[in-house]
Amino acid sequence: MHAKLSWIGRRALLVAAVLLGVSPLAPAQAAPPPTTVTTQIAQGAPRGAEVVAVRHVADRLTDLTVRSQALGNRTVNVRLLTPDGWNPADRRQHWPTFWLLHGCCGDYTSWSGTDIAKIPSLRKVLVVMPEAGWNGWYSNWWNYGAGGDPAWETFHTVELAHLLEHDWGASSNRVVAGLSMGGQGALLYAARHPGMFRAAAAYSGSAHPLLNDESINRIMGFFAGQGNDPLRVWGDPVAQRRIWEAHDPYYLAHRLKSLPVYLSCGDGTAGPFDPPGKTDALEADFNRQNHALAAQLEQLGAKHLTTNFYGPGTHAWAYWQRELHASLPMLLKALDLS
């Protein structure tokens, strides 16, 4: 049985976990500044989610400012990398859709620091990069049983999905991928919402946060980021064990076994994109978690699992960009672009 931990009154330990084992995951580079003036959209009463402003950032890049009821009627941003010929005014056209999720300490602009806008095959799909909070963990937070804001999972899988399909050219033909926290999000959304996504990919994802004490300590450290009460997210890992398991991809493997799934991770030692001698305890932990999930999927008879446990490599953007390219053939095949 996993260690019996009680987190009430142990905030100092959590802060120490952040300082010792967690480092911010900044975007690969600063997002480009907007090139045109924001267009304001008439605001009415909240209807789940509604777009209140549109900003054209660059060629094929459009930011939507969305007011979300699931997020307490706050506004957050969603970045779209649009396909050739995209025209949201044409309600008859719906594009295959690729959800691309950011990691902890990043935001909806994070993937713009990579080369995604230059990938030819992504000119045929609508790429959706939604805000998920600095440490939102793609979850409806427990909030001591009260629920409510933030409800990131509801915002993404209900409100935003409906909004994009109704007004912005998205189709229900979707795949999902993400890095780190977003890798966990991709696996969770694919497992917890059967039929919503046709394939999922996780790059250095948090694939089994209940693996052991180190894994629990680390994710609780993330939960405590920015002065947050870590128990708000999923509760106590012992007292609210069922909630934790419901957000742990390892315990949802039976819901993933029939989907194409791509898992990749380094082992936390210096790889080709690192200075000599560098080590990364976070990547090493996630590597063990991904191996555990892969073994569980194989034991359950998964026939569409692809893994790239590439050995030397740390928790860094150069690896995630490379793994995005490596996983795209599987993801785009699932979209059946032909």
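Right above here is the structure, for reference.
Residues numbered from 1 in each chain as written. Predicted model: local features only at pLDDT ≥ 70, side-chain atom pairs only at ≥ 80, totals over all residues. Heavy atoms only, no water.

A. Spatial organisation of the nonpolar core. In this structure, Trp99, Phe155, Leu164 and Leu187 are the most contacted members of the largest nonpolar core, which totals 67 residues. With 7 residues, helix H3 (residues 181-192) is the largest single contributor of residues to this core. With sequence-adjacent residues up to four places away left out, Leu187 is seen in contact with Ala200, Ala202, Ala207, Pro249, Leu256, Val261, Leu263 and Leu293. In this structure, Val175, Met330, Leu331 and Ala334 belong to the second largest nonpolar core, which totals 28 residues. (Core = buried A, V, L, I, M, F, W, Y, C linked by side-chain atoms within 4.5 Å. Buried < 20%, exposed > 50% of the residue type's maximum accessible area, 1.4 Å probe, protein only. Helix = DSSP H or I, 4+ residues; strand = E, 2+ residues; numbered from the N terminus. Contact = heavy atoms within 4.5 Å.)

B. Just the pairing of strand E10 (residues 305-309), in detail. Alignment of strand E9 (residues 261-265) against E10, held across 5 bridges, turns out to be parallel. The residue of E10 that forms the bridge with Leu263 is Thr307. With helix H8 (residues 281-299) bridging E9 and its parallel neighbour E10, the resulting β-α-β unit is right-handed. (Pairing = 2+ DSSP bridges. Right-handed = clockwise from strand over helix to strand, strands pointing away.)

C. How the structure looks around the side chain of Asn287. Mapped onto the secondary structure, Asn287 falls in helix H8. Its relative accessible area of 12% is what places Asn287 among the buried residues. Among residues more than four places away in sequence, those in contact with Asn287 are Cys265, Gly266, Asp267 and Phe309.

D. Structural view of the environment of Phe273. In this structure, Phe273 sits in the loop between E9 and H8. Those residues within four positions of Phe273 in sequence are excluded, and the remaining contacts are Ala318, Tyr319 and Arg322.

E. Just the side chain of Arg79, in detail. Relative to the helices and strands, Arg79 resides in strand E4 (residues 74-81). For Arg79, the side chain forms a polar contact with the side chain of Asp63, separated by 2.7 Å. (Polar contact = N/O pair within 3.5 Å; in protein donor to acceptor, adjacent residues only side chain to side chain.)

F. Looking closely at the pattern of salt bridges. Under the criterion given, the structure shown has 14 salt bridges. Across the salt bridge formed by Asp149 and Arg74, the nearest N and O atoms sit 2.9 Å from each other. Separated by 75 residues along the polypeptide, Asp149 in the loop between strand E6 (126-130) and helix H2 (152-167) and Arg74 in strand E4 bring together distant segments of the chain. A salt bridge links Arg322 to Glu323; the nearest nitrogen and oxygen atoms lie 3.3 Å apart. Look at Glu323 and you get buried, because its relative accessible area is 1%. Linked through salt bridges whose partners overlap, the residues forming this network are Glu214, Arg218, Asp285 and Arg288. (Salt bridge = Lys/Arg side-chain N within 4 Å of Asp/Glu carboxyl O.)

G. Summary view of the environment of Lys303. Looking at where Lys303 falls in the secondary structure, it is placed in the loop between H8 and E10. According to the relative accessible area criterion, Lys303 is exposed, its value standing at 73%. Taking the C-alpha atoms as reference points, Lys303 and Pro260, 43 residues apart in sequence, are found 8.0 Å from one another.

H. Main features of the packing of aromatic side chains. Counting across every chain of the model gives 17 aromatic pairs. Where Trp111 meets Tyr203, the ring centres are 6.2 Å apart and the plane angle is 70°; that geometry is what we call edge-to-face. Linking Trp111 in the loop between strand E5 (95-101) and E6 with Tyr203 in strand E8 (residues 200-203), this pair joins segments that are 92 residues apart in sequence. With respect to class, Trp111 is no different from Tyr203; both count as buried. (Phe/Tyr/Trp six-rings, centres within 6.5 Å; stacked < 30°, edge-to-face > 60°.)

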